[in-house]
Amino acid sequence: QVQLVESGGGLVQAGGSLRLSCAVSGRSSSSYAMGWFRQAPGKEREFVAAIRRSSERTDYSDSVKGRFTISKDNAKNTVYLRMNSLKPEDTAIYYCASKPAPPMSRIINEYRDWGQGTQVTVSS
């Protein structure tokens, strides 16, 4: 099991940028992939991006592809989500999650460990 702590959220104007961080502790070696998800008020939690722990393979939802970049620093046990060209519809609580086994996935229930989330608010 791993523990995840997100940070870096905040209030930004449309068109601005933010970088979220997810600090991983515990049995980080048991994590096959890391994902970012988000949940807007009144909506279901949705997949944003994922990255394999042992490679640079990534996956993005269509709504963020070309604007967001997921990356990792295994030496620092940290996963990042760089968000550019933010839109008001990106407003949500962003969660980091760990998937213990292959393959990479966008399915929420396949991620075992979750952080507490960090709020991102984009004003128009």
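Notes on the structure follow. Per chain, the residues get numbers from 1 upward, laid out in the order the sequence is written. Per-residue local features of the predicted model are confined to residues with pLDDT of at least 70, and side-chain atom pairs are confined, for both listing and counting, to 80 or more; whole-chain, interface and lining totals are unaffected and use all residues. To get the side-chain values, all heavy atoms of the structure are used, and hydrogens and water are removed first.

This paragraph deals with the pattern of salt bridges. One side-chain nitrogen of Lys or Arg within 4 Å of one carboxyl oxygen of Asp or Glu is enough to make a salt bridge. Under the definition given, this model contains eight salt bridges. Residues glutamate 56 and lysine 72 are paired through a salt bridge, measuring 3.3 Å at the closest nitrogen-oxygen approach. Within this pair, whereas glutamate 56 is found in the loop between strand S5 (46–52) and strand S6 (58–60), its partner lysine 72 is found in strand S7 (residues 68–73), the two being separated by 16 residues in sequence. Each residue is placed in one exposure class: buried if its accessible area under a 1.4 Å probe, protein chains only, is under 20% of its type's maximum, exposed if it is over 50%, and partly exposed if it falls in between. Relative accessible area serves as the criterion here: at 61%, glutamate 56 is assigned to the exposed category. Between arginine 106 and aspartate 59 there is a salt bridge, and its shortest N-O distance comes to 2.7 Å. One end of the pair, arginine 106, is in the loop between strand S9 (92–99) and strand S10 (113–114); the other, aspartate 59, is in strand S6, with 47 residues separating them in the sequence. Segments assigned H or I by DSSP are reported as helices when at least four residues long, segments assigned E as strands when at least two residues long, and all are numbered from the N terminus.

The subject of this paragraph is the nonpolar core. Trp36, Leu81, Met83 and Tyr94 are the most contacted members of the largest nonpolar core, which has 26 residues in total. At the level of secondary structure, the elements contributing two or more residues to this core comprise strand S1 (2–7), strand S3 (18–26), strand S4 (33–39), S5, S7, strand S8 (78–83), S9 and strand S11 (118–123). Per-element tally for this core: the top contributor is S3, with four residues. The next biggest cluster of nonpolar side chains, apart from the first, holds eight residues, and it includes Tyr32, Ala33, Ala50 and Tyr111. Nonpolar cores are built from buried Ala, Val, Leu, Ile, Met, Phe, Trp, Tyr and Cys residues. Side-chain atoms within 4.5 Å join them into one set.

A few words now on the state of the cysteines. Working definition: a disulfide is two cysteine sulfur atoms within 2.5 Å of each other. All told, the structure shown has one disulfide when counted by the stated rule. Each sulfur in the disulfide pair cysteine 22 and cysteine 96 lies 2.1 Å from the other. Measuring the twist about the S-S bond at about -80°, one finds the cysteine 22-cysteine 96 disulfide to be left-handed. Here cysteine 96 lies in strand S9 and cysteine 22 lies in strand S3, a separation of 74 residues in the sequence. Of the two residues, cysteine 22 and cysteine 96, both sit in the buried class.

The definitions used throughout rest on a 1 Å grid laid over the protein atoms alone, on which a cavity is an enclosed set of points accommodating a 1.4 Å probe that cannot get out and a pocket is an open set flanked by protein within 12 Å on both sides along at least five of seven lines; lining residues are those having an atom within 4 Å of a point. Grid points are joined across faces, edges and corners, and a volume is the space filled by probe spheres set on the points. In the structure shown here, the tally under the stated rule is one cavity of 30 Å³ or more. A volume near 100 Å³ is recorded for the largest cavity. Considering the residues around the largest cavity, the lining is formed by 11 residues, among which Val24, Met34, Arg53, Asn74 and Val79 are closest to the centre. Elements with a contribution of two residues or more to the lining of the largest cavity: S7 and S8. When its residues are assigned to classes, the lining of the largest cavity shows three nonpolar, five polar and three charged. When residues are grouped by polarity, Ala, Val, Leu, Ile, Met, Phe, Trp, Tyr, Cys and Pro land in nonpolar, Asp, Glu, Lys and Arg in charged, and all others, Gly among them, in polar.

Moving on to the packing of aromatic side chains. Within 6.5 Å between ring centres, the rings of Phe, Tyr and Trp (the latter by its six-membered ring) count as paired, and their orientation is classed by plane angle as stacked under 30 degrees, edge-to-face over 60, tilted in between. Taken as a whole and judged by the stated rule, the model has five aromatic pairs. Ring-pair connections join several aromatic residues into one group, and the members of that group are Phe37, Phe47, Tyr95, Tyr111 and Trp114. A positively charged side chain is recorded as over a ring if its NZ (Lys) or CZ (Arg) lies within 6 Å of the ring centre. The angle to the ring normal must also be within 35 degrees. The ring of tyrosine 95 carries the charged tip of arginine 45 above its face, separated from the ring centre by 3.7 Å.

Quick look at the sheet that holds S3 now. Strand order across the open sheet formed by four strands is S1-S3-S8-S7, with antiparallel pairing between neighbours. Two strands lie at the open edges of the sheet, namely S1 and S7, each paired on one side alone. Pairwise comparison of adjacent strand axes, ignoring direction, gives a mean angle of 20° for this sheet. Pairing between two strands is assigned when DSSP locates at least 2 bridges connecting them. Looking at chain direction, S7 and S8 are connected through six bridges and run antiparallel. For lysine 72, the partnering residue across the bridge sits in S8 and is valine 79. Angles shown run from 0 to 180 degrees and are taken between the N-to-C directions of axes, each axis being a line fitted to C-alpha atoms and, for helices, limited to the stretch in contact.

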